[in-house]
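Structural overview for review
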Amino acid sequence: MANRRPPPRRRPAARRPARRSTRLRRRRSRRQEHRDNQLLLLGFGAVAGLALVWAVISWLLVNWWALVVLGALATLGGTAWAHRYRQQQAWDRVRQQALRYGLPQLDALHHRDFEYAIRDLMLRDGCTDARQIGGAGDNGADVLATDPLGRSWVIQVKHRRDGDRGSPVGTPDLQRVNGTARQLYGADVVLVVTNGRFSTRCAPLATQLHMHLADRRTLGTWASGGRPLWELLPKIPPPRKGR
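These notes cover the structure that comes with them. (Residues numbered from 1 in each chain as written. Predicted model: local features only at pLDDT ≥ 70, side-chain atom pairs only at ≥ 80, totals over all residues. Heavy atoms only, no water.)

What about the overall build of the protein chain?
The condition is simple: Going along the chain from the N terminus, every DSSP run of H or I of four or more residues is numbered as a helix, and every run of E of two or more is numbered as a strand. Relative accessibility decides the category of a residue: with a 1.4 Å probe and only protein chains considered, values under 20% of the type maximum give buried, values over 50% give exposed, and everything between is partly exposed. By definition in these notes, contact holds between two residues if any of their heavy atoms fall within 4.5 Å.
When helices and strands are tallied, the protein chain shows seven helices and five strands. The N-to-C order of helical and strand elements in the protein chain reads α-α-α-α-β-β-β-α-β-α-β-α. Taken across its 243 residues, the protein chain has 32% of its residues classed as buried. Restricting the contact set of the protein chain to residue pairs at least 6 apart, pairs at least 24 apart contribute 59%.

Topic: the layout of surface pockets
Just so we agree on the cut-off: Cavities and pockets were defined on a 1 Å grid built from protein atoms only: a cavity is a group of points that admits a 1.4 Å probe but offers it no way out, a pocket is an open group of points flanked by protein on both sides within 12 Å along at least five of seven lines, and a lining residue is one with an atom within 4 Å of any such point. Grid points are joined across faces, edges and corners, and a volume is the space filled by probe spheres set on the points. Lys, Arg, Asp and Glu make up the charged group, whereas Ala, Val, Leu, Ile, Met, Phe, Trp, Tyr, Cys and Pro make up the nonpolar group; the residues left over, Gly among them, are polar.
The computed volume of the largest pocket comes to approximately 330 Å³. Lining the largest pocket are 13 residues, with Ala206, Thr207, Met211, His212 and Pro234 positioned closest to its centre. Mapped by element, the contributors of at least two residues to the lining of the largest pocket are α6 (202-208) and β5 (212-214). Class assignment for the residues of the lining of the largest pocket results in seven nonpolar, three polar and three charged.

Re the packing of helix α4 (residues 111-124) against helix α7 (residues 216-224)
Threshold: Axis lines are fitted through C-alpha atoms, for helices just across the contact stretch, and the angle between N-to-C directions can take any value from 0 to 180 degrees. Small angles under 35 degrees read as roughly parallel and large ones over 145 as roughly antiparallel, with 65 to 115 read as roughly perpendicular and the rest as oblique. Should the near helix be turned counterclockwise from the far one by less than a right angle, the crossing is left-handed, whereas a clockwise turn marks it as right-handed.
Between α4 and α7, the least distance of the axes is 10 Å, while the angle of their chain directions is 55°. The orientation of α4 relative to α7 falls into the category oblique. Every pair of crossing elements has a handedness; the one defined by α4 and α7 is left-handed. Contact residues: α4 offers Phe114, Ile118, Leu121, Met122 and Arg124, while α7 offers Leu219, Trp222 and Ala223. Each residue belonging to the contact of α4 with α7 can be placed in one class, and the counts come to seven nonpolar, no polar and one charged.

Some points on the pairing of strand β4 (residues 189-194)
Condition: When DSSP finds two or more bridges between a pair of strands, those strands are recorded as paired. By convention, a crossover is right-handed whenever its connection, traced from the first strand over the helix to the second and viewed with the strands pointing away, goes clockwise.
Along β4, six of the six residues are buried, which leaves the element largely enclosed by surrounding structure. In β4, alternate side chains face the same way, and those of Val189, Leu191 and Val193 on one face and Val190, Val192 and Thr194 on the other are all buried. One ladder, built from six bridges, connects strand β3 (residues 152-158) with β4; its direction is parallel. Across the sheet, residue Val157 finds its bridge partner in β4, namely Val193. Taking the sense of rotation as the criterion, the β-α-β connection linking β3, helix α5 (residues 171-185) and β4 turns out right-handed.

Topic: the pattern of salt bridges
The cut-off we apply is this: Any Lys or Arg side-chain nitrogen located within 4 Å of an Asp or Glu carboxyl oxygen qualifies as a salt bridge.
Inspection of every chain in the model, using the stated rule, returns seven salt bridges. In this structure, Arg112 and Glu115 form a salt bridge, with 3.0 Å as the shortest nitrogen-oxygen distance. Here Arg112 and its partner Glu115 are both found in helix α4, three residues apart, which amounts to about one turn of the helix. The salt bridge partner of Arg151 is Asp147, with a shortest N-O separation of 2.7 Å.

Here's the deal with the sheet that holds strand β2 (residues 143-146)
Judged by pairing direction, the sheet is mixed, and its five strands sit side by side in the order β1-β2-β3-β4-β5 without closing on themselves. The sheet is open, and its two borders are formed by β1 (131-132) and β5, each paired with just one other strand. The sheet strands contacting α5 are β2, β3, β4 and β5, and the helix crosses β3 at an angle near 155°.

Below, the structure is given as C-alpha cells:
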C-alpha cells in the first residue's frame, strides 16, 4: 500500500483577534498617555500663572508707589480718551447739520446707500437713534428713528435709478410696511419715501391707512434744505402722552 500523506495542520483561528485587540489596547494607551500629558501641562501652566500673580502682588505690596503711578496714568489716559470722544461727537454733529443732498446725487446711489442717506438725514434733523435695518428679514422697514418729540418713525425706502421716469411705487409696497410697522415696531409715523413717484392709488390708500408719503419733490426739499421732514409732511400725529 502507498504511504498516505498526513493531513495538513490547521492554524489556530484565535491569533488574528488577539493581534487586533493588542493594537486597540496600544491605541487606547497612547490616547490616555496624550491626555495625561495635556493635563500635566495644564497643571504646570496653572501653577506658573498663580506663582506669577502672587509675585506681582507681593512686589506691588512692597512698592506701593507703583500703584499710585499706574492709577495716575490710567486717570490721564481716561481723561484724554473722553476728551477726544466728545470732540469727535461734536464734529459729527457739525457734519450732520451741514448735510445736504441734491436729487442727482440721490439718483446715482445704490439702493442700500440710499437707505443710509435717509438715515443720515434723520440724524441731521435730531433723530439721534436713527439706524438703517433694511435687508433680508426687515419686514418692510428700512430705517427706524425717534424724532426729538419722541415719535417713533418706521420708514420704507424705495429707490429708482431713473428718478420719476422709473416705475412708480405701488400700493403693495404700502400694504407691506403697514402690516408690520405698528405691530412689530410700535410706529407712531409710518412713511414711504422715494426719489421717484407713486402710483395714483397710493395717496388714497395712504390716507386710509394713516400713512405718509414723501415723493421726489418732497425728498428734494428735505434733502437740500434745513427743514426737518415732519415740517414738510401734513397731519403728522402728535407725540404719545407720557413721553
